[in-house]
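One-letter residues, chain by chain:
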Amino acid sequence: MNRSATNEPVLVTGGAGFIGSNFVLQWVRAGGAAINLDLETYAGNPANLNELNGNPRHLLIRGDICDAMLVRSLLAQHQPCAVIHFAAESHVDRSIVSPGEFIRTNVQGTFTLLEEAKAYWQALGESRRDQFRFLHVSTDEVYGSLAPDDPAFTETTPYAPNSPYAASKAASDHLVRAYFHTYGLPALTTNCSNNYGPLQFPEKLIPLVILHALEGKPLPVYGDGANVRDWLFVGDHCSAIRTVLEHGRLGETYNIGGNSERKNIEVVRAICALLDELQPAASKHEELITFVKDRPGHDRRYAINAEKIRSELGWQPSVSFEQGLRQTVEWYLANQAWVENIRTGAYREWIQRNYEKREGK
Ligand code: NAD
Ligand code: TYD
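Residues numbered from 1 in each chain as written. Chains lettered and ligands numbered in written order. Predicted model: local features only at pLDDT ≥ 70, side-chain atom pairs only at ≥ 80, totals over all residues. Heavy atoms only, no water.

Participant: So what's going on with the site of ligand 1? Residues and values would help.
Facilitator: Residues in close proximity to ligand 1 total 30 residues, the closest being I19, D38, S90, Y165 and K169. In this structure, an oxygen atom belonging to ligand 1 sits 2.9 Å away from a main-chain N or O atom of G17. V137 is positioned with one of its backbone polar atoms (N or O) 3.5 Å from an oxygen atom of ligand 1. Calculation on ligand 1 without its partners gives an accessible area of 840 Å², and the protein chains cover 97% of this total. (Near = heavy atom within 4 Å. Polar contact = N/O pair within 3.5 Å; in protein donor to acceptor, adjacent residues only side chain to side chain. Areas by Shrake-Rupley, 256 points an atom, 1.4 Å probe, with all protein chains shown as cover.)

Participant: Outline the packing of aromatic side chains, listing residues and values.
Facilitator: In total, this model carries 17 aromatic pairs according to the counting rule given. Each ring, one from F23 and one from W27, has its centre 5.6 Å from the other, and the planes form 20°; the classification is stacked. With F23 and W27 both in helix α1 (residues 18-29) and four residues apart, this pair spans about one turn of that helix. When the ring of Y143 is compared with that of Y159, the centres are 5.5 Å apart and the planes differ by 85°; the resulting orientation is edge-to-face. Pair noted here: Y143 is in the loop between β5 (133-139) and α6 (164-183) and Y159 is in the loop between β5 and α6, with a separation of 16 residues, a long-range link. Classification of Y143 as buried rests on a relative accessible area of 4%. On the basis of relative accessibility, which here comes to 28%, the residue Y159 falls in the partly exposed class. (Phe/Tyr/Trp six-rings, centres within 6.5 Å; stacked < 30°, edge-to-face > 60°. Helix = DSSP H or I, 4+ residues; strand = E, 2+ residues; numbered from the N terminus. Buried < 20%, exposed > 50% of the residue type's maximum accessible area, 1.4 Å probe, protein only.)

Participant: Account for the packing of helix α4 (residues 100-122) against α6, naming residues and giving values.
Facilitator: Where α4 meets α6, the closest approach of the two axes is 8 Å, and the angle between their N-to-C directions is 15°. It follows that α4 is roughly parallel to α6 by the angle criterion. As α4 packs across α6, the resulting crossing turns out to be right-handed. In contact with F102, I103, N106, V107, T110, F111, L114, E115, K118 and W121 of α4, α6 contributes Y165, S168, K169, A171, S172, L175, V176, Y179 and Y183. (Axes fitted to C-alpha atoms, helices over the stretch in contact; angles between N-to-C directions. Parallel < 35°, antiparallel > 145°, perpendicular 65-115°, else oblique. Left-handed = near helix turned anticlockwise from the far one by under 90°. Contact = heavy atoms within 4.5 Å.)

Participant: An account of the pattern of salt bridges is needed here, citing residue identities and associated values.
Facilitator: Pairing is possible between side chains that carry opposite charge, provided their charged atoms lie close to one another. Scanning all chains against the criterion turns up 22 salt bridges. For E215, the salt bridge is made with K217, and the minimal N-O distance between the two is 3.7 Å. Residue class for K217 comes out partly exposed when judged on its relative accessible area of 29%. With a shortest N-O distance of 2.8 Å, R301 and E261 are connected by a salt bridge. Of this pair, R301 sits in the loop between β13 (289-292) and α10 (307-313) while E261 sits in strand β12 (residues 261-263); the two residues are 40 residues apart in sequence, bridging distant segments of the chain. Each member of the salt-bridge network shares a partner with another, and the members are E215, K217, E340 and R343. (Salt bridge = Lys/Arg side-chain N within 4 Å of Asp/Glu carboxyl O.)

Participant: Explain the sheet that holds strand β4 (residues 82-85) residue by residue, including any values.
Facilitator: Read from one edge to the other, the open sheet built from seven strands follows the order β3-β2-β1-β4-β5-β6-β11, with strand pairing classed as parallel. Either end of the sheet is taken by a strand with one partner, and the two such strands are β3 (58-62) and β11 (253-256). Neighbour to neighbour, the strand axes of the sheet diverge by 20° on average, direction disregarded. Across four bridges, the pairing between β4 and β5 is parallel. By the bridge assignment, I84 is partnered in β5 with L135. (Pairing = 2+ DSSP bridges.)

Participant: Before we move on, can you summarise the pairing of strand β8 (residues 219-222) with the specific residues and values?
Facilitator: Residues in a regular strand project their side chains so that they alternate between the two faces of the sheet. The side-chain alternation of β8 yields two buried faces, one formed by L219 and V221 and the other by P220 and Y222. In this structure, β8 lies alongside β13, joined through four bridges in parallel fashion. Bridge assignment links P220 to a residue of β13, and that residue is T290.

Participant: How would you summarise α1 if you had to cite specific residues and measurements?
Facilitator: Taking 1.5 Å of rise per residue, 12 residues should cover 16 Å, and α1 covers 17 Å from first to last C-alpha, within 8% of that figure. For α1, a buried count of 10 out of 12 residues is recorded, marking the element as mostly surrounded by other parts of the structure. Residues of α1 that are buried include every one of F18, I19, G20, S21, N22, F23, V24, L25, W27 and V28, and no others. Its buried side turned inward, α1 meets β1 (10-13), β2 (34-38), β3, β4, β7 (195-196) and α8 (234-247). Directly after α1, the chain includes G31, whose backbone phi takes a positive value near 105°. (Expected span 1.5 Å × (residues − 1).)

Participant: Outline the nonpolar core, listing residues and values.
Facilitator: Counting residues in hydrophobic clusters, the biggest one holds 71 residues, and the most contacted among them are I84, I206 and I309. Those residues within four positions of I206 in sequence are excluded, and the remaining contacts are Y196, W231, V267, I271, F321, L325 and T328. Judged by nonpolar contacts, the second largest core, of 22 residues, contains L37, V71, L113 and Y120. (Core = buried A, V, L, I, M, F, W, Y, C linked by side-chain atoms within 4.5 Å.)

Participant: Lay out the site of ligand 2 in plain terms, naming residues and giving numbers.
Facilitator: Inspection of the region around ligand 2 gives 18 residues, with E141, R229, R295, H298 and Y355 positioned closest. A distance of 2.5 Å is found between an oxygen atom of ligand 2 and a side-chain nitrogen or oxygen belonging to R295. In isolation ligand 2 has 510 Å² of accessible area, and contact with the protein removes 97% of it. Those elements that provide at least two residues to the shell around ligand 2 are α7 (205-215) and β8. The leading source of residues in the shell around ligand 2 is β8, at three residues. Split by residue class, the shell around ligand 2 holds eight nonpolar, five polar and five charged. (Nonpolar A, V, L, I, M, F, W, Y, C, P; charged D, E, K, R; others polar.)

Structure (structure tokens):
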């Protein structure tokens, strides 16, 4: 079944956030229909979906995944063929400052969705029940931190979450696993590495550095800048999710990664070099790099072994890190109106809260 070629919608949660909105745009452009449930927290931005204004194949509903009655009524009313669950509190630094919201949305919210999806799925007729899927979008951070020479995370790497964010996502992964094993809910889980690309809220490393550099502000690099992340362009993450949705084996988890391990300092320097070329300033952007106090419990290295999704489902990334980073920098340069809208009170407040005590090391 190609779910993006039918009139049956999917229920997307968190589809006004970074990855969710990229997914919804890709999905509807491909001919699919989506009901989009999003609380529109500081990270949820309906403007990400402006292209779909007036499009009958997309409906954005402002609401909470912890609201069981709302979730139940949306499932009953729209009869989706799948739930694709992105909604989460997603920023590690915020989870260190205020973990409670992470437990509520990521754990309680996922539990609520699972309960409602189970009841809905159990009541479907046989053929629609066979087609139904619950796809849970998770992270590689559940596996903990790697030493420099450790092999990359596979789907059987033991869970060892280190931040409140990672722990809350690990808990949600375990709940999804339990609903498959206990109730047979046709669930799939994806564990993806760090994403970057258009529409990312500028609290995460790449958009934060782009915007600070454009403003001539210090570029804050935590610790020694040698922490490693494995970067994936967001459009490739979305195509991987679509592949797993259509062809993944029920109850399985799939790691998704970009084969692009980079030290943070390399990423920041690459952004500076692109800006020197695309938007030259009086001095080199690199001069703005400032090493600041490290994140507590900062995981040293993440790396994904994406062999399972490649060999079983034929998916691999289509964009190299260099191409994707250039596209991303160009997108932020071309979308200054989006950037200005984002600079709300909530954004300014966070920048002040997270960085004022980090200045210097
Ligand atoms: P994001 O923070 O940009 O977006 C999260 C969205 O969820 C926002 O639109 C927000 O309004 C919504 N939301 C939050 N609480 C909600 C609630 N209670 N009810 C309904 N909606 C709610 O996050 P993102 O970067 O797009 O990440 C999406 C998913 O992908 C998350 O589950 C995250 O764990 C996972 N993930 C992210 C990355 C990454 O690098 N960003 C990598 C791997 C996995
Ligand atoms: P981030 O984008 O927050 O993603 P995650 O913590 O989920 O990997 O951070 C990516 C890396 O960049 C991480 O090692 C922390 C580092 N970092 C900085 O050095 N400076 C910053 O201002 C931010 C936000 C992150």
